[in-house]
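This is what each chain is made of:
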Amino acid sequence: MSDLFIRKSGRAGRITLTRPQVLNALSWQMCRDIHAALESWRADDEVALVLIDAEGERAFSAGGDIQEIYATGMRGDFEYGQNFWADEYRMNAAINAYPKPVVTLLQGFTMGGGVGLGCHASHRVVCETSQIAMPEAAIGLVPDVGGTYLLANAPGHLGEYLAASVARMGPADAIHAGFADHYIPREFWLDLVEGLLETGNAALVAELAEPLPPGPITMLQSQIDQLFAGDAAGIIAALEADGSDFVRATRQAVTANSPLAIAAGIVNIRATRAEGGDIISALKREYRFTSRAVEHGDFLEGIRAAVIDKDKSPHWQHASLSQVSADDVAAMLAPLGAEDWQA
């Protein structure tokens, strides 16, 4: 069975992820096939919009299929991961700049690579089961797939918080953070899909949307801004100076993740924010880290602890954020010259 169901239906080009047994994880081939479909519909007058959804209730897509990157990396093959990420990022950029409306239906888990597929669309729909996150630091990566672009444009210092803590956002918080646009209860999605296919009018999304009260993360925005305003060392100091339940839980989450990935991720977010939040430069910066992550970063250890051995006890290169130097970060984010990522 194919991992994707790609077809034209009514006025829409449709892409459905069909790997619910693995939470619709994105393989390298899936990224290339999705990108090819988008390109084929770009000038197709029969296609008024693109609709991307996924089978199953548990996940739109819980991330990239990273086990092959781990396996090849353990054999000393670092090009496989580099090529995977390069092509995936081109797909992310294509979705972001697509000339026709792209509607994504984000039920359940939308994380990592799933964010890259679902959250750069023009019309992003969440429901009561939606859980959106950028969990890369937990496996030794910086937020990538254009996640830096989204995090840099989130209100205040919410981007730094989400990157460092890998916190999950429900539907209201995802909309507040700029990862989603509209809340439509799951029971009305079939009506939405039928209307989109019949009319090709993406404005139907807003017409069916319902308001939500603020989410728990949104309610903590001012406190998050204070905690995550400083550099990496300042963030840890702020987290250690406050004993509230939220801060204690945040400190525990941050200290469990790769210090190198957190420090580099924060640098990337702030560089993108300072530039005005351009996705192409964000992806280029992300690739500088991810292209080195298998050989020089914490990625292999992060995957070992989380996916292979599942002992949840990674041995990071640095014991804490305070031990990550500016030189350590610079080495992972230095330009790659002729090997820099290109859209």
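Definitions and cut-offs
Residues numbered from 1 in each chain as written. Predicted model: local features only at pLDDT ≥ 70, side-chain atom pairs only at ≥ 80, totals over all residues. Heavy atoms only, no water. Salt bridge = Lys/Arg side-chain N within 4 Å of Asp/Glu carboxyl O. Helix = DSSP H or I, 4+ residues; strand = E, 2+ residues; numbered from the N terminus. Buried < 20%, exposed > 50% of the residue type's maximum accessible area, 1.4 Å probe, protein only. Arc of directions from axis to C-beta. Contact = heavy atoms within 4.5 Å. Axes fitted to C-alpha atoms, helices over the stretch in contact; angles between N-to-C directions. Parallel < 35°, antiparallel > 145°, perpendicular 65-115°, else oblique. Nonpolar A, V, L, I, M, F, W, Y, C, P; charged D, E, K, R; others polar. Phe/Tyr/Trp six-rings, centres within 6.5 Å; stacked < 30°, edge-to-face > 60°. Lys NZ or Arg CZ within 6 Å of the ring centre and 35° of its normal.

Student: Would you explain the pattern of salt bridges in this entry?
Tutor: Pairing of side chains with opposite charge becomes possible as their charged atoms draw close. Using the criterion set out here, one finds 17 salt bridges in the structure. Where Asp44 meets Lys8, a salt bridge forms, and the shortest distance between an N and an O atom there is 2.8 Å. Of the two residues, Asp44 is situated in the loop between helix H1 (28-41) and strand E3 (49-54) and Lys8 in strand E1 (residues 4-9); the sequence distance between them amounts to 36 residues. The exposure class assigned to Lys8 is partly exposed, which follows from its relative accessible area of 42%. A salt bridge links Arg14 to Asp53; the nearest nitrogen and oxygen atoms lie 2.7 Å apart. Taken together, the residues Arg14 in strand E2 (residues 12-17) and Asp53 in strand E3 connect sequence positions 39 residues apart. Its relative accessible area of 10% is what places Arg14 among the buried residues.

Student: How should I be thinking about helix H17 (residues 326-333) in this particular structure?
Tutor: Every α-helical turn comprises 3.6 residues, leaving residues that sit three or four positions apart pointing alike. Looking only at H17, the buried set comprises Val329, Met332 and Leu333. The buried residues of H17 occupy one face: seen down the axis, they fall within an arc of 90°. The inward-facing, buried residues of H17 contact helix H14 (259-274) and helix H15 (279-296).

Student: Help me understand the packing of H14 against H17, please; the structure alone is not making it clear to me.
Tutor: When two helices pack together, you describe them by how their axes are tilted relative to each other and by the distance separating the axes. At a closest axis distance of 10 Å, the pairing of H14 and H17 adopts a crossing angle of 70°. With respect to each other, H14 and H17 are oriented roughly perpendicular. Facing Leu260, Ala263, Ala264, Val267 and Asn268 of H14, the residues of H17 in contact are Asp328, Val329, Met332 and Leu333. Class assignment of the residues belonging to the contact of H14 with H17 gives a composition of seven nonpolar, one polar and one charged.

Student: Help me understand the packing of aromatic side chains, please; the structure alone is not making it clear to me.
Tutor: The relative placement of two aromatic rings is captured by the distance of their centres and the angle of their planes. Tallied over the entire structure, the rule returns eight aromatic pairs. Residues Tyr89 and Trp341 carry aromatic rings whose centres are separated by 6.4 Å and whose planes lie at 65° to one another, so their mutual orientation is edge-to-face. With a gap of 252 residues between them, Tyr89 in helix H3 (residues 79-96) and Trp341 in the segment after H17 connect regions that are remote in the sequence. On the basis of relative accessibility, which here comes to 0%, the residue Tyr89 falls in the buried class. What makes Trp341 buried here is its relative accessible area of 1%. Judged by centre distance (5.6 Å) and plane angle (75°), the ring pair of Tyr161 and Phe228 falls under edge-to-face. Residue Tyr161 is located in helix H6 (residues 158-165), and its partner Phe228 is located in the loop between helix H11 (221-227) and helix H12 (232-240); the two are separated by 67 residues in the primary sequence. Members of the aromatic cluster, each reached through a chain of ring pairs, are Trp28, Tyr80 and Phe84. The cationic tip of Arg7 hangs over the ring face of Phe5; the distance from NZ or CZ to the ring centre is 3.9 Å. Taking NZ or CZ as reference, Arg32 lies 4.2 Å from the ring centre of Trp28, over its face.

So far we have only geometry, and geometry alone does not tell us how the molecule works.
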